[in-house]
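A structural walkthrough
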Amino acid sequence: MKPAAFAYYEPTTKAEALELLGELRWGAKVLAGGQSLVPMMNMRLAKPEAIIDINRVKELAYIKEAEAGLMIGALTRQRAIERSRVVKKRSPLLAEAILFVGHPPIRSRGSVGGSLAHADPAAELPAVLLALDGWVHATGPSGTRRIPAAELFVGPLLTSLQPDELLTEAWFPFLPPGTGTAFLEVTRRHGDFALVGVAACLTIDQQGICTRAAVALLGAGETQVRSAQAEACLVGYQMDGQAIEAAAAAAMASLEPVGDIHGSPEYRKQVAGVLTRRALGIAWGRARRRSQL
Ligand SMILES: Cc1cc2nc3c(=O)[nH]c(=O)nc-3n(C[C@H](O)[C@H](O)[C@H](O)COP(=O)(O)OP(=O)(O)OC[C@H]3O[C@@H](n4cnc5c(N)ncnc54)[C@H](O)[C@@H]3O)c2cc1C
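Just so it is clear, the structure is predicted and the values come from calculations on it, not from any experiment.

Describing the overall build of the protein
When helices and strands are tallied, the protein shows 12 helices and 14 strands. In terms of overall size, the protein behaves like a compact globule, its C-alpha atoms giving a radius of gyration of 19 Å where 293 residues would be expected to give roughly 19 Å. Taken over the C-alpha atoms alone, the protein extends approximately 60 × 45 × 35 Å along its principal axes. A burial count over the protein gives 53% of its 293 residues as buried. Sequence-distant contacts in the protein: of pairs separated by 6 or more residues, those separated by 24 or more amount to 64%. Taken as a whole, the protein presents about 13600 Å² of accessible surface, with 54% of it coming from carbon and sulfur. Side chains of the protein give 32 positive and 28 negative charges; the mean places of these two sets differ by 7 Å.

Here is the structure:
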């Protein structure tokens, strides 16, 4: 299938891209890696009047280490994340999750900003951003604003970005010492979108008490969700198998997954519980090794 006709713009600077977005607003779509937008256009699920191709805007592609976290430019390819030593060292959750995104050719084109802006409920990167309490920067005609992950993903393929805003950067905060993380998902075939997945983070103190927990689930609702109920079973408690069991049961009970041909809501709920238990177990083991408990 072929897309409907569209006008094509190829800015080379962020300022130029923003000017075009401001002029064209609702009629235009930003093209990054094209791994989601192009199939949607080919199937005529998206019919933008204009495409603003940001692939020549080199200033949007970078990985920088700041004091509080990794700053990743929107056009940074997913493959660059996978290959980055700094990501591996400083953000193990992101490094682990990126390998679940499609296949190498998809990650070679697909961008971090594209994945976050596309907001597929089964995508990995939004769940990682949520689990780490990360945020994005979006720039539009009235300047740049910071959008926390919890406010970015508002529905299936829907974000709080305005049509004239460009997602320019994502922040993946570092977690404190004594933290272990884990990412797990279930797919029908390797490289498929997840049926269900979980990004888990656990921070423990020297006494083995949990001081921070994050359980972010994908494929288990209309957007990626943090299970506050699961986290409440962990924070403030001595970490042990029982706390993990309770958190997994709470995660399962808190979800309202949507069923489709790949899995019923009951199946997704069940898998979410099992994955949460396993991911928390792995994260706890890693946290203990890091705090040498
Ligand atoms: C076969 C296949 C398997 C896949 N499997 C997975 C998977 O398992 N997990 C997963 O997460 N993804 C998967 N993907 C999707 C892939 O990760 C995409 O790369 C990603 O969803 C979109 O990134 P992109 O750079 O290609 O964005 P594009 O397709 O170019 O754009 C996607 C959307 O985001 C908007 N957008 C892009 N960049 C910006 C920006 N900077 N500011 C504002 N809006 C922007 C576009 O306008 C468009 O609406 C798969 C894709 C394919 C084709």
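A look at the sheet that holds strand β5 (residues 69-73)
One open sheet accounts for 5 strands, arranged β4-β5-β10-β6-β7; its pairing is antiparallel. The sheet is open, and its two edges are formed by β4 (63-65) and β7 (143-148), each paired on a single side. Direction aside, neighbouring strands of the sheet carry axes that sit 20° apart on average. Sheet topology note: the β4/β5 ladder contains 3 bridges and is antiparallel.

Overview of unusual backbone geometry
Its identity is not glycine, yet A119 carries a phi of approximately 55°, on the positive side. Among the structural elements, A119 can be located in the loop between α7 (112-118) and α8 (124-131). In this structure A119 comes out as buried when scored by relative accessible area, which is 2%. In the Ramachandran plot, L157 falls in the positive-phi region, its phi being about 60° despite a non-glycine side chain. With respect to the element layout, L157 can be found in the loop between β8 (153-155) and β9 (158-159). Take L157: its relative accessible area is 40%, and that puts it in the partly exposed class.

Examining helix α11 (residues 241-254)
Look at α11: 20 Å from first C-alpha to last across 14 residues, which is about the 20 Å you get at 1.5 Å a residue. Residues of α11 that are buried include every one of A243, I244, A247, A248, A250 and A251, and no others. Down the axis of α11, the buried side of the element spans an arc of 165°, and every buried residue falls inside it. Turned more than 90 degrees away from the buried face of α11 sit Q242 and A253, all of them exposed.

Things to note about the sheet that holds strand β2 (residues 28-31)
If you trace the 3 strands from one edge of the open sheet to the other, you get β1-β3-β2, paired in parallel fashion. The outermost strands of the open sheet, each flanked by one partner alone, are β1 (7-9) and β2. Strand-to-strand twist across the sheet, computed as the mean angle between neighbouring axes with direction ignored, equals 25°. Together, β1, β2 and β3 (50-53) form the strand contacts of helix α1 (residues 14-24), whose direction differs from that of β3 by roughly 165°.

Calculation rules
- Residues numbered from 1 in each chain as written.
- Predicted model: local features only at pLDDT ≥ 70, side-chain atom pairs only at ≥ 80, totals over all residues.
- Heavy atoms only, no water.
- Helix = DSSP H or I, 4+ residues; strand = E, 2+ residues; numbered from the N terminus.
- Rg over C-alpha atoms; globule rule 2.2 N^0.38 Å.
- Buried < 20%, exposed > 50% of the residue type's maximum accessible area, 1.4 Å probe, protein only.
- Contact = heavy atoms within 4.5 Å.
- Areas by Shrake-Rupley, 256 points an atom, 1.4 Å probe, with all protein chains shown as cover.
- Lys, Arg positive; Asp, Glu negative; His and termini not counted.
- Charge placed at Lys NZ, Arg CZ, Asp CG, Glu CD.
- Pairing = 2+ DSSP bridges.
- Axes fitted to C-alpha atoms, helices over the stretch in contact; angles between N-to-C directions.
- Expected span 1.5 Å × (residues − 1).
- Arc of directions from axis to C-beta.

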